[in-house]
Amino acid sequence: EQAFGNTVGLMGDFRTGKTLARDGVTELNDYTPLGEEWQVLPADGSLFHVASYPTFPEKCLEPEDPKGERRRRLEESTISYEQAEAACSGFLGPLDIKDRVDDVVGTPNF
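Computed from a predicted structure; not experimentally measured.

Draft legend 1. Main features of the overall build of the protein. The helix and strand inventory of the protein stands at three helices and zero strands. Along the protein, helices and strands appear, N-terminal first, in the series α-α-α. Relative to its full complement of 110 residues, the protein shows a buried share of 16%.

Here's what the structure looks like:
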C-alpha cells in the first residue's frame, strides 16, 4: 500500500482495481480498448534508446486472446527442468531460480 497506493495506469487503480482511461475517470472493462488508450504517445517520452514496432500512430498489436486466457503448453516443452535449472543457475535465490526455470520450461526460449 505504501509503495503502490497512488498507482494508476495500464494495470489499473491500485486501491479499487478499476481499469481507467488516461482521464482517470472513464472505466474501460475491455482490455483491447484499454491497451489502445494507454499506448505510448510521443508526448509521453520513452524509456528506450530505440523505438520498436509498432509506435504511434500505428495501432498496438492485439494478443490472440485479449482477456489473457491462454492454455499453458508445458507438455509440449522440449526443455527439461534439469536443463532449465542449469541455464538459470546464475540467478540469486531459490525463488528467483524457480521463477526463471518455469519461464524457460513454459516457453520455447532457451
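Draft legend 2. Main features of the pattern of salt bridges. The tally for this structure, following the rule as stated, stands at two salt bridges. The shortest N-O distance in the salt bridge between D44 and R22 comes to 3.0 Å. Separated by 22 residues along the polypeptide, D44 in the loop between α1 (31-37) and α2 (81-87) and R22 in the segment before α1 bring together distant segments of the chain.

Draft legend 3. Examining the environment of A86 more closely. Looking at the element boundaries, A86 is found in helix α2. Relative accessible area serves as the criterion here: at 52%, A86 is assigned to the exposed category. Note: C-alpha distance between A86 and V101 (15 residues apart in sequence) is 8.9 Å.

Draft legend 4. Quick look at the environment of L41. Within the element layout of this structure, L41 appears in the loop between α1 and α2. Residues L41 and T55 lie 14 residues apart in sequence; the distance between their C-alpha atoms is 8.0 Å. When near neighbours in sequence (up to four residues on either side) are disregarded, L41 contacts R22 and F56.

Draft legend 5. The side chain of T19, seen in detail. With respect to the helices, strands and loops of the structure, T19 is situated in the segment before α1. Polar side-chain contacts of T19 include one of 2.4 Å to the backbone oxygen of L28. Contact partners of T19, with chain neighbours within four places excluded, come to G12, T26, E27, L28, N29 and L34.

Draft legend 6. Broad picture of unusual backbone geometry. The omega torsion across Y53 and P54 is -10°, close enough to zero to call that bond cis. As for its position among the elements, P54 is in the loop between α1 and α2. The step from F56 to P57 runs through a cis peptide bond, and the omega angle for that step is 15°. Within the element layout of this structure, P57 appears in the loop between α1 and α2.

Procedures and definitions
Residues numbered from 1 in each chain as written. Predicted model: local features only at pLDDT ≥ 70, side-chain atom pairs only at ≥ 80, totals over all residues. Heavy atoms only, no water. Helix = DSSP H or I, 4+ residues; strand = E, 2+ residues; numbered from the N terminus. Buried < 20%, exposed > 50% of the residue type's maximum accessible area, 1.4 Å probe, protein only. Salt bridge = Lys/Arg side-chain N within 4 Å of Asp/Glu carboxyl O. Contact = heavy atoms within 4.5 Å. Polar contact = N/O pair within 3.5 Å; in protein donor to acceptor, adjacent residues only side chain to side chain.

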